[in-house]
Amino acid sequence: MAREKWGTKLGFMLAAMGSAVGLGNIWRFSFVAGENGGGAFLILYLAFVVLIGVPLLLTEVSIGRKAESDVVGSFKKLAPGTPWHLTGFFGIASAFLILSFYAVVAGWAIYYFWNYVNGSFFSQPEVGYDGAFGQFISHSWHPIGWTALFMILTIVIVLSGVKKGIEAANKIFMPLLAILLIVLAFFSLSLDGASEGMKFLFTPDWSALSNPSIYIAALGQAFFSLSLGMGAMLTYGSYLRKENKLPSATLGIGLMDTFFAIISGIVIFPAVFAFGIDPSSGPPLVFITLPTIFEQMPFGGIIGLVFFFALILASLSSSVSILEVPTAYFMRVFGWTRFATSVLMGSIMFVFGIAVSLGFGIWSGVTPIGDRNILDSMDYLASNIFLPLGGLSMALLVGWYMKKATALESADLSTSPIGSFWYGIIKFVAPILILLIFLNSSGLLQF
Ligand code: PHE
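What comes next concerns the included structure. (Residues numbered from 1 in each chain as written. Predicted model: local features only at pLDDT ≥ 70, side-chain atom pairs only at ≥ 80, totals over all residues. Heavy atoms only, no water.)

## Here we look at the overall build of the chain
In terms of regular secondary structure, the chain is built from 19 helices and 0 strands. Relative to the globule expectation of 22 Å for 447 residues, the C-alpha radius of gyration of the chain, 21 Å, shows essentially globular dimensions. Along the first, second and third principal axes, the C-alpha atoms of the chain reach 65 × 50 × 40 Å. Burial status across the chain gives 61% buried among its 447 residues. Across the chain, the fraction of contacts at a sequence separation of at least 24, relative to all contacts at a separation of at least 6, is 80%. Of the roughly 16,400 Å² of accessible surface on the chain, a fraction of 70% belongs to carbon and sulfur atoms. Side chains of the chain carry 21 positive and 21 negative charges; the gap between the two charge centres is 19 Å. (Helix = DSSP H or I, 4+ residues; strand = E, 2+ residues; numbered from the N terminus. Rg over C-alpha atoms; globule rule 2.2 N^0.38 Å. Buried < 20%, exposed > 50% of the residue type's maximum accessible area, 1.4 Å probe, protein only. Contact = heavy atoms within 4.5 Å. Areas by Shrake-Rupley, 256 points an atom, 1.4 Å probe, with all protein chains shown as cover. Lys, Arg positive; Asp, Glu negative; His and termini not counted. Charge placed at Lys NZ, Arg CZ, Asp CG, Glu CD.)

Put into structure tokens, the structure is as follows:
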């Protein structure tokens with residue numbers, strides 16, 4: 001069977017931007033920045049996006065387009081007879097880990113949407129928004145129902161195929177989400193005490209840099225937000241036609257993704273400080289902050305409704321790219337149909353998702369890694385370790401295994417003045433930085 005292809009280059013761009021922009025920009029960016037001191041984290045995160053993220057994004061897409069295969073198959077094709085393809089399993093594993101909790105958090109967003117549809121979040125519930133949220137996520141099966149709904153939607157899009165399903169899903173709602181966020185940012189900035197939040201986000205407290213965990217947190221956020229290191233972008237690249245040019249496309253994706261993160265920060269942090277919310281509240285942060293903002297706004301109920309609808313669609317366009325990673329792999333290896341594969345993979349992830357959800361209720365005492373609950377542990381392992389390892393492997397493949405001319409050609413940089421610059425980053429800068437950050441966070445090296 002011929003592999004599917006994108007309809008147009010724009011179709012690829014939209015799907016890749018859809019993959020990048022999601023809960024990572026709004027939910028994850030805000031809480032990780034909040035936990036890691038704000039400004040200093042933002043600087044590091046931006047530095048990693050520029051120095052590692054965007055060059056590696058180009059690398060990842062170019063590997064996929066050249067090999068025309070999934071994350072394991074691409075390594076096999078480009079480095080035959082080597083164990084390189086084994087690193088592709090970091091990607092498959094991180095897809096399982098990430099989608100299992102992504103679906104839970106996206107389920108929370110659907111629940112919020114529902115509360116704006118029926119009006120119950122138009123004004124503060126008796127227990128407050130944080131109380132209501134706490135009660136909801138700790139319930140033994142309510143949130144699991146919403147997780148199931150989100151997972152079903154994801155599976156339906158993936159099983160309808162690359163072009164019809166994924167490409168069509170996102171054309172109106174990304175721009176809509178951008179517009180809503182800009183409106184929200186202006187409103188948030190007008191709140192009493194907003195400047196405190198802007199200071200938190202934009203005035204770095206350099207002493208935060210002495211804490212090793214900030215480096216790995218910023219690296220993990222750069223990878224997560226750009227959908228990097230898992231093979232999602234690689235798999236999307238594998239559906240590209242050869243004539244599509246990559247450098248401008250990947251730069252556009254990087255800029256767009258960063259824009260969404262910063263604008264979300266400008267929405268969340270002024271409000272966090274204006275309403276006296278703790279910026280280091282962790283994963284619940286935006287779910288407590290946003291409804292409080294909407295309540296204060298004129299037409300806030302409607303804005304909340306549209307906002308959560310757009311957020312659900314942005315999450316779906318990311319979750320489909322995650323489910324596509326193991327789906328593409330298992331379809332090729334076992335010859336299963338797209339239908340059977342996506343249903344099976346999605347169902348397994350849903351079962352993991354049940355554990356993630358219970359981690360906020362009856363299993364809240366379960367802390368697999370450090371003092372992290374189930375969601376935080378899975379996120380830590382996948383985003384901070386597996387994704388950077390996957391990215392490292394791709395950088396080493398292109399920088400050290402491939403010939404320079406082949407590497408430049410597959411990234412469409414043969415005749416470009418920035419070619420050597422990109423190559424230097426992929427060969428030296430990105431791998432060394434990733435290794436240094438790993439050493440630092442494991443305590444072997446202090447900076
Ligand atoms: N980038 C997506 C987001 O920000 C999440 C994602 C991670 C998607 C890894 C694919 C691969 O929400």
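## Digging into a nonpolar patch on the surface
Residues Leu51, Leu396, Trp400, Phe428, Val429, Ile432, Leu436, Leu439, Leu444, Leu445 and Phe447 make up a contiguous nonpolar surface patch of about 950 Å² in total accessible area. Mapped by element, the contributors of at least two residues to the nonpolar patch are α17 (374–401) and α19 (419–441). At 5 residues, α19 tops the list of elements feeding residues into the nonpolar patch. Along the chain, Leu436 turns up in helix α19. (Patch = residues over 30% accessible without salt bridge, like charges linked within 9 Å, V, L, I, M, F, W, Y side chains within 5 Å. Salt bridge = Lys/Arg side-chain N within 4 Å of Asp/Glu carboxyl O.)

## Here's the deal with the site of the ligand
Neighbouring residues of the ligand: 15 residues in total, closest Ala20, Gly24, Tyr102, Phe224 and Ser227. Between the ligand and Ser19 there is a distance of 3.2 Å, counted from a nitrogen atom to a backbone nitrogen or oxygen. Interatomic distance of 3.1 Å between a backbone N/O atom of Ser225 and a nitrogen atom of the ligand. Relative to its unbound accessible area of 320 Å², the ligand is 100% covered by the protein chains. Taken atom by atom, the bulk of the ligand overlaps the largest cavity. Contributing elements (two or more residues each) for the shell around the ligand: α1 (9–20), α2 (23–35), α11 (213–225) and α15 (300–334). Within the shell around the ligand, the residues separate by chemical class into 7 nonpolar, 8 polar and no charged. (Near = heavy atom within 4 Å. Polar contact = N/O pair within 3.5 Å; in protein donor to acceptor, adjacent residues only side chain to side chain. 1 Å grid on protein atoms, 1.4 Å probe; cavity = no way out; pocket = protein on both sides within 12 Å on 5 of 7 lines; lining within 4 Å. Sits in = over half its atoms within 2 Å of the grid points. Nonpolar A, V, L, I, M, F, W, Y, C, P; charged D, E, K, R; others polar.)

## Observations regarding helix α13 (residues 247–274)
For α13, built from 28 residues, the straight-helix expectation of 40 Å at 1.5 Å per residue is met to within 8% by its first-to-last C-alpha distance of 41 Å. With its phi angle positive at about 65 degrees, Gly276 sits one or two positions after the end of α13. (Expected span 1.5 Å × (residues − 1).)

## Topic: the pattern of salt bridges
Throughout the structure, instances matching the rule amount to 6 salt bridges. Taking the shortest distance from any N to any O, the salt bridge between Arg338 and Glu4 comes out at 3.1 Å. Placement of the pair is Arg338 in helix α16 (residues 338–358) and Glu4 in the segment before α1, with a sequence separation of 334 residues. With a relative accessible area of 10%, Arg338 lands in the buried category. Given a relative accessible area of 26%, Glu4 falls into the partly exposed group. A salt bridge links Arg338 to Glu324, with the shortest nitrogen-to-oxygen separation between them at 2.9 Å. Note that Arg338 is positioned in helix α16 and Glu324 in helix α15, a separation of 14 residues in sequence. Residue Glu324 is classed as buried on the basis of its relative accessible area, which comes to 1%. One network of salt bridges, with partners in common, ties together Glu4, Glu324 and Arg338.

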